[in-house]
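A structural walkthrough
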Amino acid sequence: MRKLMVVGSMWSMLTFIAPLYAQQIDVAFGGGSIAAPTTANSFSGVTESLSGGTYVGFGGDVLIKRNLGVAAEVFWRGSQASYGGLIPYRPLFWDFNGVYATRFSKRVGAEVVAGIGAESVRFYQGTYNCDYYGNCSNYVSSNHFMGDFGGGLKIYAYKSIFVRPEVRLYLVHNNVEFVSSRAVRYGVSIGYTFGGTK
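Note that the coordinates shown come from a computational prediction; the quantities given were computed from them, not determined experimentally.

**Concerning the pairing of strand β8 (residues 161-172)**
When a strand is regular, its side chains alternate between the sheet's two faces. Here β8 shows a clear split, with F162, R164, E166, R168, Y170 and V172 buried on one side and none of I161, V163, P165, V167, L169 and L171 buried on the other. Two elements, strand β7 (residues 136-158) and β8, share ten bridges in a ladder whose sense is antiparallel. In the strand pairing of β8, G147 is matched with L171. Taking the residues between adjacent antiparallel strands as the criterion, β7 and β8 are bridged by two residues, where K159 takes a positive phi near 50 degrees. The pairing of β8 with strand β9 (residues 182-195) spans eleven bridges and is antiparallel.

**Quick look at the environment of V108**
Position of V108 among the secondary structure elements: in strand β6 (residues 108-130). Spatially, the C-alpha atoms of V108 and K154 are 5.7 Å apart, while their sequence positions differ by 46 residues. The contact partners of V108, leaving out residues within four places of it in the chain, are R103, L153, K154 and Y156.

Thresholds applied
Residues numbered from 1 in each chain as written. Predicted model: local features only at pLDDT ≥ 70, side-chain atom pairs only at ≥ 80, totals over all residues. Heavy atoms only, no water. Buried < 20%, exposed > 50% of the residue type's maximum accessible area, 1.4 Å probe, protein only. Helix = DSSP H or I, 4+ residues; strand = E, 2+ residues; numbered from the N terminus. Pairing = 2+ DSSP bridges. Contact = heavy atoms within 4.5 Å.

Everything listed is a geometric property; what it means functionally is a separate question.
Here is the structure:
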């Protein structure tokens, strides 16, 4: 929950403070899937892969100086998967990036991102766990630091509304629950650009 509060705080800063200095702001929501190695790790015995499933999420970026800016996004698996056929789980990826974005024409632009974030794998239980303050949840999380790299091609369909095919490479540190520390998210986002070159 704290992580979502941090992401929410960053989103608020992007939404309310950054426009004072920004040259362009993009907000988008989208969906896609994850591709990751599926070969079993014979050393640890882990056979689970992050591959498959539908991932949904949202994000935004603020260009502060010409084509350079900052971005934040969060994507999670839309439905629970089964870990080892026994335990329901749901991966969530969130990150903060530096972004370089440019327009090639009135209707086509591109962006490249690189940054850091975390993978949070939520393992669901049949009971709720509550802390001293009364915060309750029906899952336990396994969190891992990650780096991410990627890009997208913005196609402006109508005025400031764009469709963005995109890809992200997640490099997850110490991802012991899964076969590999690498995962590629690919998908399409639909968004809106405030400001910028029309």
